[in-house]
Amino acid sequence: YTTHGRNSEVQSALRTLGSKVEDLSTCNDLISKHGSALQRSLSELDSLRLTGEAGDKIRQVTERATLFRITSNAMINACRDFLALAQAHSKRWQKALQAERDQRVRLEETLEQLAKQHNNLERAFRGAAQANATADNKSSAGPGKGEASDEDDDNEFFDAMEEAPEFITVPADPHFHKSESPSQELILLKKRRTRIPDKPNYSLNLWSIMKNCIGKELSKIPMPVNFNEPISMLQRLSEDLEYHELLDKASKCQSSLEQMCYVAAFSVSSYSTTVYRTGKPFNPLLGETYELDRRRESGYRSLCEQVSHHPPAAAHHAISDRGWTLRQEITVASKFRGKYLSIMPLGTIHAIFEKGNNHYTWKKVTTTVHNIIVGKLWIDQSGEIDVVNHTTGDRCHLKFAPYSYFSRDVARKVTGVVMDKDGKAHYVLSGTWDEKMEFSRVMQSSRGGENGTEGKQKTVYQTLKAREVWRRNPLPEGAETMYYFTALALTLNELEEGVAPTDSRRRPDQRLMEDGRWEEANSEKQRLEEKQRSVRREREREAASQRTSSQSEEGESAPHDSYQALWFERCEDRITGEQIHIYKGGYWEAKDRGSWEGCPDIF
């Protein structure tokens, strides 16, 4: 469907409009002619001086005929004005269409050139591979590729990439060419799905369920899958890595203060996926896991495990070949307040960089879901957090402004100041948690108080031009019918071979919901929850019998539930002093062996 076709369509529409207005004009002339004749006839009748009811009727008909003529004339005049306006703008439309057509032609020519270059490179690559298969090993300095050294392979590959960046099968950094098979340079990446089944239109009254739950913990409220989205809380936690490239860039920074800007932007970016996501993730079963292996595409792999059920807590560990590690243990506290729902994530997030050994920590802000009873659900993030570099003492104070109808500020605003250990400001961050963040270098500051981050406008910062550090990726096409999932979220529940039997992808109620079979999903959800309760009761009985037989009560250190996580171990964090779960290793090795004997049967 070309621009020329659209141009012809506009011209045809204008001609049709012109002919229709001419028809209206003809009708107007006929209406005027016959209307005048009708009024003359009515006047003649009126001149007969009829009295009584007949005279009143004739006068009434005359008045209506006059109003009809006036209305008809007004309609015809409006149509004439519309035609004149359309003709006046037609030249502008034609000019814009012509410009679009020219641009399309230029784009087609460019694509044709790129296709030719691509074909030439493919032929050159195949020819070089064939020549190298029969060539002597001493010819490694030539353009052929075969059993040459790794260094020669890297150099040859990047020469080709500079000419044709359309190749999509190889990681971007030469460090990641050190694969398990050194002779294989082009690594085919798995094509991941871009759609899931559309969300069914099932109606259910939220208030009928929630009215008896005011003041209760959300995790203890039995909720049907109608209010869920078909991923688990472990998968939502893994979505924090949507903008992992911010940590990749941070790992390359020479300055710890500039690195802080990227880490702070990363802490904000995790909220961008929540803008339209009003569905509740599935509460993970105790012992449930979720792996996200993106080592080939993005250089990182991640593991989550549900390490506690009451309170629900998930441990997360991600490590990247690009020089960073991310770990966190999040416990979600939530309260239903009647009109809104407050979700308070508790726990600390750690980011550690190999270069400089910088260790950052921060927490999450409060999420509020509004209009629980009446109206359209909407989400807000509010609160203040400190991103702290425990190695250098640098600090970034971020403030998430709560939405206010009376505020003049832009909605979802986030501001922050990066300071060194002496309290001197070096960067100012600003933006919104749903769109983008920018940072500006501070050249001078005039202080009006002891701490520029407290109070209103106590410190004025003179900064250089702002630079964009992060921008939210657009949602995939049709996201509104797919729970408003991002491109990454659409792939999270995609079935993969070799994952642990406790992986969220294998959870049956979640899979049934994704497939649109919600009634079956609700039944399966009840079965899984009852199975979990039975296992917990049995575990508590065993723990009680062991305490009784040993006669060794140890207070809080001897819990009623003796459950221990499989891939994470409980210890004290040396930075925060909190009792947390740290990844103890073994998962990826077990996956390589295909050995899952220690995994519990939770599904």
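In this text the structure is predicted, and so the values were computed from the model without any measurement.

A. Inspection of the overall build of the protein at higher detail. Counting its regular elements, the protein contains twelve helices and 19 strands. Going through the 603 residues of the protein one by one, you find that 41% of them count as buried. Counted over contacts in the protein with a minimum sequence separation of 6, partners at least 24 positions apart contribute 57%. If you sum the accessible surface of the protein, you get close to 34600 Å²; carbon and sulfur atoms cover 51% of it.

B. Summary view of a nonpolar patch on the surface. A contiguous nonpolar surface patch, about 260 Å² in accessible area, is contributed by Leu 107, Leu 111 and Leu 114. Within the secondary structure, Leu 114 sits in helix 2 (residues 53–134).

C. Geometry of the pattern of salt bridges. Throughout the structure, instances matching the rule amount to 33 salt bridges. For Glu 529, the salt bridge goes to Lys 525, with nearest N and O atoms at 2.9 Å. Taken together, the residues span about one helical turn, with Glu 529 and Lys 525 both in helix 11 (residues 518–550) at a distance of four residues. Judged by its relative accessible area of 9%, Lys 525 is buried. The partner of Glu 530 in a salt bridge is Arg 533, with the nearest N and O atoms 3.3 Å apart. Taken as a pair, Glu 530 and Arg 533 lie in helix 11 at a separation of three residues, close to a single helical turn.

D. Seen up close, the nonpolar core. Ranked by internal contacts, the top residues of the largest apolar core, which has 63 residues, are Leu 326, Trp 362, Leu 398 and Phe 400. Here this core takes nine residues from helix 7 (residues 256–269), the largest share from any one element. For Phe 400, the residues in contact, after removing those within four places along its chain, are Val 268, Tyr 271, Val 365, Gln 381, Ser 382, Gly 383, Ile 385, Lys 413, Val 414 and Trp 433. If you look at the next biggest cluster of nonpolar residues, it comprises 14 residues, including Leu 303, Ala 315, Ala 500 and Cys 599.

E. Broad picture of unusual backbone geometry. Between His 310 and Pro 311 the backbone carries a cis peptide bond, its omega angle lying at 0 degrees. With respect to the helices and strands, Pro 311 occurs in the loop between strand 4 (300–308) and strand 5 (313–320). You will see that Arg 412, though not glycine, has its phi angle at about 60 degrees, which is positive. Relative to the assigned elements, Arg 412 resides in the loop between strand 12 (395–400) and strand 13 (413–419). Arg 412 gets classed as partly exposed once you look at its relative accessible area, which sits at 28%. Within the chain, Tyr 483 stands out as a residue other than glycine whose phi angle is a positive 65 degrees. The residue Tyr 483 is located in the loop between strand 17 (467–471) and helix 9 (487–492) in this model.

F. Examining helix 6 (residues 245–252) more closely. Buried residues of helix 6: Leu 246, Leu 247, Asp 248, Ala 250 and Ser 251, and no others. Where helix 6 is buried, its residues touch helix 7, helix 8 (295–298), strand 5, strand 6 (324–336), strand 8 (349–353) and strand 17.

G. Region of interest: the environment of Met 419. Relative to the elements of secondary structure, Met 419 occurs in strand 13. Measuring from C-alpha to C-alpha, the distance between Met 419 and Arg 395 comes to 5.3 Å, with 24 residues separating the pair along the chain.

H. Inspection of the side chain of Asp 380 at higher detail. By secondary structure assignment, the location of Asp 380 is in strand 11 (residues 378–389). A distance of 2.8 Å separates the side chain of Asp 380 from the backbone nitrogen of Tyr 403, its partner in a polar contact. With residues near it in sequence (within four places) discarded, Asp 380 still touches Thr 366, Thr 367, Thr 368, His 370, Pro 402, Tyr 403 and Trp 433.

I. Region of the structure containing the state of the cysteines. Inspection of every chain in the model, using the stated rule, returns zero disulfides. Summary of cysteine pairing: Cys 261 is not part of a disulfide, and the nearest cysteine sulfur, belonging to Cys 396, is at 7.0 Å.

J. Region of interest: the environment of Asp 420. Relative to the elements of secondary structure, Asp 420 occurs in the loop between strand 13 and strand 14 (425–432). The spatial distance from the C-alpha of Asp 420 to the C-alpha of Ser 256 is 9.3 Å, given a sequence separation of 164 residues. When residues no more than four places from it in sequence are discounted, the contact partners of Asp 420 are Leu 257, Gly 393, Asp 394 and His 426. One polar contact links the side chain of Asp 420 to the main-chain amide nitrogen of Lys 424, over a distance of 3.0 Å.

K. Quick look at the packing of aromatic side chains. Counted according to the given criterion, the structure contains 15 aromatic pairs. An aromatic cluster of three or more residues is present, and its members are Trp 567, Tyr 587, Trp 588 and Trp 596. The ring centre of Tyr 271 lies 5.6 Å from the NZ or CZ of Lys 364, which sits over that ring.

Rules of the game
- Residues numbered from 1 in each chain as written.
- Predicted model: local features only at pLDDT ≥ 70, side-chain atom pairs only at ≥ 80, totals over all residues.
- Heavy atoms only, no water.
- Helix = DSSP H or I, 4+ residues; strand = E, 2+ residues; numbered from the N terminus.
- Buried < 20%, exposed > 50% of the residue type's maximum accessible area, 1.4 Å probe, protein only.
- Contact = heavy atoms within 4.5 Å.
- Areas by Shrake-Rupley, 256 points an atom, 1.4 Å probe, with all protein chains shown as cover.
- Patch = residues over 30% accessible without salt bridge, like charges linked within 9 Å, V, L, I, M, F, W, Y side chains within 5 Å.
- Salt bridge = Lys/Arg side-chain N within 4 Å of Asp/Glu carboxyl O.
- Core = buried A, V, L, I, M, F, W, Y, C linked by side-chain atoms within 4.5 Å.
- Polar contact = N/O pair within 3.5 Å; in protein donor to acceptor, adjacent residues only side chain to side chain.
- Disulfide = S-S within 2.5 Å.
- Phe/Tyr/Trp six-rings, centres within 6.5 Å; stacked < 30°, edge-to-face > 60°.
- Lys NZ or Arg CZ within 6 Å of the ring centre and 35° of its normal.

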